[in-house]
Amino acid sequence: MKQHITSLIFDFLLTLMLFMGLTNPQSVVVNFVAVWALFGCLVCIAASIAGVAAFEHWQGSRQKGIPLNDAVMKIFRFVFCRKSSPLRRFWSLLIFAGVFSCLVGAGWVFTALLYLICVLVLNTVRTAYRQRIEGEGMCPDSL
């Protein structure tokens, strides 16, 4: 419950910062949005690399018959097998569009493009590896 309330407060503050950044693009709030976007880039890159490494470890261990490490499987499930609700996906898309438009409106075009590329790379990696999992006959929900 505490984590849910913290998440709601964090989402509310981010939405407030995005709204303030969109209404006044020359304010200091845009710097916080830019830091948020750069942090998001780091998370997307780290999740992509960790997910690919966990998939390759899982595939190699499965072929050799070696028991899998629970920590690696937790990373694997978090990156590839997690399904979010439609409301959460809509909220994420709304926050993504708000961050991107706030950065472009304030003139942080390079940061906005970097943010866009990192999010697209994460989604592409997730989709490609999820298809590889389903192509091998393994249902991601059974992992």
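Residues numbered from 1 in each chain as written. Predicted model: local features only at pLDDT ≥ 70, side-chain atom pairs only at ≥ 80, totals over all residues. Heavy atoms only, no water.

Draft legend 1. Here's a closer look at the packing of aromatic side chains. Scanning all chains against the criterion turns up five aromatic pairs. Plain terms: the ring middles of Trp36 and Phe39 are 6.1 Å apart, the flat faces sit at 40 degrees to each other, and that makes the pair tilted. Here Phe39 and Trp36 lie together in helix H2 (residues 29-64), a separation of three residues that amounts to about one turn. By relative accessible area, which is 25% here, Trp36 ends up partly exposed. Measuring from ring centre to ring centre gives 5.3 Å for Phe96 and Tyr115, while their planes differ by 35 degrees; the resulting arrangement is tilted. Of this pair, Phe96 sits in helix H4 (residues 86-106) while Tyr115 sits in helix H5 (residues 109-135), placing them 19 residues apart in sequence. Residue classification places Phe96 among the buried residues on the basis of a relative accessible area of 17%. The exposure class assigned to Tyr115 is buried, which follows from its relative accessible area of 8%. Ring pairs connect the aromatic residues Phe10, Trp36 and Phe39, which therefore count as one cluster. (Phe/Tyr/Trp six-rings, centres within 6.5 Å; stacked < 30°, edge-to-face > 60°. Helix = DSSP H or I, 4+ residues; strand = E, 2+ residues; numbered from the N terminus. Buried < 20%, exposed > 50% of the residue type's maximum accessible area, 1.4 Å probe, protein only.)

Draft legend 2. Layout of the nonpolar core. With 33 residues, the main nonpolar core has Phe76, Phe80 and Val99 as its most contacted residues. Residue assignment for this core shows that the elements contributing at least two residues are helix H1 (2-23), H2, helix H3 (70-81), H4 and H5. In terms of residues, this core owes the most to one element, H2, which gives 11 residues. (Core = buried A, V, L, I, M, F, W, Y, C linked by side-chain atoms within 4.5 Å.)

Draft legend 3. Expanded view of the side chain of Ser61. Looking at the element boundaries, Ser61 is found in helix H2. Setting aside residues up to four positions removed in sequence, Ser61 forms contacts with Ile66 and Leu68. (Contact = heavy atoms within 4.5 Å.)

Draft legend 4. Main features of the layout of surface pockets. There is about 1,500 Å³ of room inside the largest pocket. Lining the largest pocket are 30 residues; nearest its centre among them are Arg82, Ser92, Leu122, Asn123 and Arg126. Where the lining of the largest pocket is concerned, the elements lending two or more residues are H1, H2, H3, H4 and H5. Residue contributions to the lining of the largest pocket peak at nine residues, all from H5. Its residues assigned to classes, the lining of the largest pocket shows 18 nonpolar, five polar and seven charged. Taken as a whole, the second largest pocket spans an internal volume of roughly 180 Å³. Lining of the second largest pocket is provided by His4, Ser7, Leu8, Asp11, Ser85, Leu87, Arg88, Phe90 and Trp91. Elements with a minimum of two residues in the lining of the second largest pocket: H1 and H4. Its residues placed into classes, the lining of the second largest pocket shows four nonpolar, three polar and two charged. (1 Å grid on protein atoms, 1.4 Å probe; cavity = no way out; pocket = protein on both sides within 12 Å on 5 of 7 lines; lining within 4 Å. Points joined across faces, edges and corners; volume = space filled by probe spheres on them. Nonpolar A, V, L, I, M, F, W, Y, C, P; charged D, E, K, R; others polar.)

Draft legend 5. The confidence of the model for the chain, seen in detail. This prediction gives the chain a mean pLDDT of 84; 93% of its residues lie at or above 70. No element of the chain has a lower mean pLDDT than H3, at 74, and none a higher one than H4, at 91. (pLDDT = per-residue confidence, 0-100.)

Draft legend 6. Expanded view of the packing of H2 against H5. With their axes 9 Å apart at the nearest point, H2 and H5 run at an angle of 20 degrees to one another. It follows from the interaxial angle that H2 and H5 lie roughly parallel. As for how H2 packs across H5, the hand of that crossing is left-handed. Classifying every residue of the contact of H2 with H5 gives 20 nonpolar, four polar and two charged. (Axes fitted to C-alpha atoms, helices over the stretch in contact; angles between N-to-C directions. Parallel < 35°, antiparallel > 145°, perpendicular 65-115°, else oblique. Left-handed = near helix turned anticlockwise from the far one by under 90°.)

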